[in-house]
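A structural walkthrough
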Amino acid sequence: MPDAMFPVEIVSGVPVVATPEEIDITNAGGLRAALLESAAHGSGRLVVDMSRTRFCDTAGLHALVSAHKRALADGGEVRLVISGAAVQRIFTITGLNHVIPNFTSLQEALGQTSVS
Amino acid sequence: MTAVDPVTVEARLRDIQSITDAALSRLDDRELLAELLDRIREILQVDTAAVLLLDFSSGQLIATAAAGLEEEVRQGVRIPVGRGFAGRIAAEHRPVILDRVDHTTVLNPILWAKGIQSMMGVPMVAGGKVIGVLHVGSLARRQFTGYDTELLQLTADRAAVAVQSMAAQADRVASAALQRSLVPSALPAVAGVEMAARYVPGRGGVGGDWYDVFTLPTGELCVVIGDVAGSGLAAAVIMGRMRSALRAYALETLDPGEVLARLDRKMQHFEPSALATVLYAVIDAAADQMHVCLAGHFPPVIALPGRPAELVRATPGLMIGVVGGVKRPVTAVTIPPGALLCFYTDGLLERPGELIDDGLTRLCQVVSTQPPEAACAAVMGALIGSEPARDDVALLMIWRQAWPDPPGNIAGADGA
């Protein structure tokens, strides 16, 4: 069942999961479920739009890293949209900004060129 | 449908009351399970009753409680989901009735050896998932009815609640005990250095935060602080393994980058689904220099006499458990006399509706050069206050004394 906190929308054939203001241990399970469901669409690519998010703890990062690893193993890709300074900071500190492709806007993330 | 006679109605009501009896709630969960098995055996007039619980990691049903079939529990019977009688119930998520009990229908030889002729089992469900199976058996051949199945299902539902509560309780107790055993209550005594620490579980109980401080045979002081994704027993177990591995690698090399690289390789191989942030630092025996390596962890805060505290400018490195073969940059930090180092986990920084950077700014404002106990109290007071933290919090302060101790003042100090 889709989680109202993590709505999934299909944009130009690509599933886009929008994340809420805060992702932590209390809702990371919902994110994990939404990512699994989106990956099942089978298009290979998956976008996580974190532009609304201001906080993400290790539980949230765990869900994103798992989805990233799963996508790589299946020949797909997870792309993140990070526009806020707070989430950018978390991704810099954790080093994940160099591992999971990230973009500053949804348009860029949906674009064809892959940036790493 | 034929009319049910009043005597039967009364008897059925008694049966249902026996299972739903409010008095049962006064028993603890294990006693409740045993009592439910006794009562259902009596009501259905069967010879055996048993509960098998699903072990999610192995996908096997494990005999956990039994009446008239105690050997099943004592011998640790395990049935794979999908196989045999109980395995079929769990896989198909529905009641199953057997009129023939032998090796073709039942996997567990104890059941046919005992001479059981007829069996009936139902799934135990919690949160929409099968968590186990409840089954009964009769030594005399008998025809179980739809009513019998309903009563057994009612019993299974009540048992499922008890089992869930038992599992949650066991998880809480075990993870709290494990956490206590892993987070050192006594920090090592080191000449010229004072230390203090705090660990506070979050609202959801024990999480995956930990710290560790130990000395090497060559006199260096090693500092670890980390945060394993997840909570409860699963996170505490991973934390324990990381702690032991780090201590072992610390003895092999003084290079913090190499220690974390080895830890990462070990985790990726043995715990591929784990994810953690870790800070590992080696402080020289003279306590005047620190080499720190960050694996996705926040940098420490340093306070120097007469200056506002600031974040140590350390190069970030990737979290543990993401991808192998990455560079693990090490930053050298000078520790002048009187300097205070503050290590922490992100639970300290998060406040609903607030940005991480605001938390970091507040932390730097409150950390100052003072003895570490006072520094811990000041930070916890200012950043946590009286609200229970959402996530768990670990905090460790290391203070290089402004004046060295006179020789022989510190017990157990190794000549620094």
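Let me sum up the structure you'll find in this document.

What counts and how
- Residues numbered from 1 in each chain as written.
- Chains lettered and ligands numbered in written order.
- Predicted model: local features only at pLDDT ≥ 70, side-chain atom pairs only at ≥ 80, totals over all residues.
- Helix = DSSP H or I, 4+ residues; strand = E, 2+ residues; numbered from the N terminus.
- Expected span 1.5 Å × (residues − 1).
- Pairing = 2+ DSSP bridges.
- Axes fitted to C-alpha atoms, helices over the stretch in contact; angles between N-to-C directions.
- Contact = placed C-beta atoms within 7 Å.
- Nonpolar A, V, L, I, M, F, W, Y, C, P; charged D, E, K, R; others polar.
- Left-handed = near helix turned anticlockwise from the far one by under 90°.
- Core = buried A, V, L, I, M, F, W, Y, C linked by C-beta atoms within 7 Å.
- Buried ≥ 20, exposed ≤ 12 C-beta atoms within 10 Å, placed from the backbone.

1. Let's talk about helix H2 (residues 58-73) of chain A
Counted at 1.5 Å a residue, the expected span for H2(A) with its 16 residues is 22 Å, and the 22 Å between its end C-alpha atoms agrees. A:Gly75 lies just past H2(A) and shows a positive phi near 75 degrees.

2. Details of the environment of B:Glu92
Among the structural elements, B:Glu92 can be located in helix H4 (residues 84-92). In this structure the C-alpha to C-alpha distance between B:Glu92 and B:Pro123, which are 31 residues apart in sequence, comes to 8.8 Å.

3. Describing the sheet that holds strand E8 (residues 209-215) of chain B
Paired through their backbone hydrogen bonds, the strands of a sheet run either parallel or antiparallel. Residues and elements named next belong to chain B. Across the sheet, which stays open at both edges, the 5 strands sit in the order E8-E9-E10-E11-E14 with antiparallel pairing between neighbours. A single partner strand is all that each edge strand has here, and the edge strands are E8 and strand E14 (330-334). Averaged over all adjacent pairs, the angle separating strand axes in this sheet is 15 degrees, with direction ignored. Inspection of the sheet shows strand E9 (residues 221-228) paired to strand E10 (residues 276-283) by 8 bridges, in the antiparallel sense. Note on E10: the bridge partner recorded for Val228 is Ala276. Sheet strands touched by helix H7 (residues 232-252): E8, E9 and E10. Its angle to E9, the strand with the most contacts, is close to 155 degrees.

4. Quick notes on the interface of chain B and chain A
Taken together, the 23 residues of chain B in the interface contact 20 residues of chain A. Tallied by class, the residues present in the side of chain B that touches chain A amount to 10 nonpolar, 7 polar and 6 charged.

5. What about the packing of helix H9 (residues 356-366) of chain B against helix H10 (residues 372-383) of chain B?
Two measures define how a pair of helices packs: the angle their axes make with one another and the distance between the axes. All names here are of chain B. Between H9 and H10, the least distance of the axes is 10 Å, while the angle of their chain directions is 145 degrees. H9 and H10 meet at a crossing whose hand is right-handed. Of H10, the residues touching H9 (which contributes Arg362, Leu363 and Val366) are Ala378, Val379, Ala382 and Leu383.

6. Overview of the nonpolar core
Residues and elements named next belong to chain B. The biggest cluster of nonpolar side chains holds 113 residues, and the ones touching the most others in it are Val223 and Leu396. Looking at which element gives the most residues to this core, the answer is H7, with 9 residues. Residues within four places of Val223 in sequence aside, it is in contact with Val213, Ala281, Ile283, Phe343, Leu396 and Ile398.

7. Let's talk about the pairing of E8(B)
Residue and element names in this part refer to chain B. In terms of burial, E8 is a largely internal element, 5 of the 7 residues being buried. In this sheet, E9 lies alongside E8 in antiparallel orientation, the contact comprising 7 bridges. For Asp209, the partnering residue across the bridge sits in E9 and is Asp227. Remark: 5 residues form the turn of the hairpin made by E8 and E9, two consecutive strands paired antiparallel; Gly219 in that turn has positive phi of roughly 100 degrees.

8. Here we look at the sheet that holds strand E4 (residues 96-98) of chain B
Residue and element names in this part refer to chain B. One open sheet holds the 6 strands; their spatial order is E3-E2-E1-E6-E5-E4, and the pairing between them is antiparallel. The open sheet has two edge strands, strand E3 (78-80) and E4, and neither has a second partner. Across the sheet, the mean angle separating the axes of adjacent strands is 25 degrees when strand polarity is ignored. Note that E4 and strand E5 (residues 118-126) share 3 bridges and pair antiparallel. Looking at the pairing, Leu98 lines up with Met119 of E5.

9. Description of the environment of B:Val96
All names here are of chain B. Tracing the backbone through its elements, the reader meets Val96 in strand E4. Sequence spacing of Val96 and Pro123 is 27 residues, and the spatial spacing of their C-alpha atoms is 9.1 Å. Aside from chain neighbours lying at most four places away, what touches Val96 is Phe85, Arg88, Ile89 and Gly121.

10. Topic: H7(B)
All names here are of chain B. Between its terminal C-alpha atoms H7 stretches 31 Å, which fits the 30 Å expected from 21 residues at 1.5 Å a residue. Residues of H7 that are buried: Leu233, Ala235, Ala236, Ile238, Met239, Met242, Leu246, Tyr249 and Ala250. On its buried face, H7 sits against helix H6 (146-182), E8, E9, helix H8 (256-270) and E10.

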